[in-house]
Amino acid sequence: MNIQEILKEKGYTKYRLSKESGVPWATLSDICSGKTDLAKCSAGTLNKLAKTLNMTMEELILVKAEEPSKDGYPNNKEYLEASLPGFVQKDIEALLEGKRDNVSYLDCLYDELYGSINACQWDGIITKEQADYLRYKYIFRKEDEND
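Calculation notes
Residues numbered from 1 in each chain as written. Predicted model: local features only at pLDDT ≥ 70, side-chain atom pairs only at ≥ 80, totals over all residues. Heavy atoms only, no water. Axes fitted to C-alpha atoms, helices over the stretch in contact; angles between N-to-C directions. Helix = DSSP H or I, 4+ residues; strand = E, 2+ residues; numbered from the N terminus. Parallel < 35°, antiparallel > 145°, perpendicular 65-115°, else oblique. Left-handed = near helix turned anticlockwise from the far one by under 90°. Contact = heavy atoms within 4.5 Å. Nonpolar A, V, L, I, M, F, W, Y, C, P; charged D, E, K, R; others polar. Buried < 20%, exposed > 50% of the residue type's maximum accessible area, 1.4 Å probe, protein only. Lys, Arg positive; Asp, Glu negative; His and termini not counted. Salt bridge = Lys/Arg side-chain N within 4 Å of Asp/Glu carboxyl O. Polar contact = N/O pair within 3.5 Å; in protein donor to acceptor, adjacent residues only side chain to side chain.

Visitor: Describe the packing of helix H2 (residues 14-21) against helix H4 (residues 43-53), and please don't skip the residues or the numbers.
Guide: Across the interface, H2 lies against H4 with an axial gap of 9 Å and an inter-helix angle of 110°. Comparing their axes, H4 and H2 come out roughly perpendicular. In the packing of H2 onto H4, the handedness of the crossing is right-handed. The residues of H4 that touch H2, namely those facing Leu17, Glu20 and Ser21, are Lys48, Leu49, Thr52 and Leu53. Across the contact of H2 with H4, the residue classes tally to 3 nonpolar, 2 polar and 2 charged.

Written out as structure tokens, the structure reads:
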């Protein structure tokens, strides 16, 4: 079992685990991506994670990291949606709700989200990688893949 499977099984995102455990998100991201081996983490970090996940430190050390993709980044790109500005999150939720309800103004919701993503990137609030990921996931993907 790898760390992503444990998080999913226990109902945690990396962001939530970071907040509840007190382990910095960057540290947790490195652990999940395989950049940092759990066996080489400090006892304090292991203790915080194990306690939050209701595991022993020994069980946690045996967990495998996600295998990175060919580009060296995690295969699961959910981390790119962590800590988005509230207005972007609101636009994402509005778009998803609009798609679910099959509203007639769906094109406006797409445009609103697209504009919000672009504004955040131009203002340096989110990275180009985050912006590209969000555009692909919510704007450019086929309808059936996005649900």
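Visitor: Describe the side chain of Asp91, listing the residues and the values that go with them.
Guide: Mapped onto the secondary structure, Asp91 falls in helix H6 (residues 86-101). No salt bridge is formed by the buried Asp91, whose closest oppositely charged neighbour, Lys90, lies at an N-O distance of 4.9 Å. A distance of 2.4 Å separates a polar atom in the side chain of Asp91 from a polar atom in the side chain of Ser116. Non-local contacts of Asp91, meaning those with residues more than four positions away in its chain, are made with Glu112, Leu113 and Ser116.

It is worth stressing that arrangement in space is one thing and function is another; only the former is reported here.
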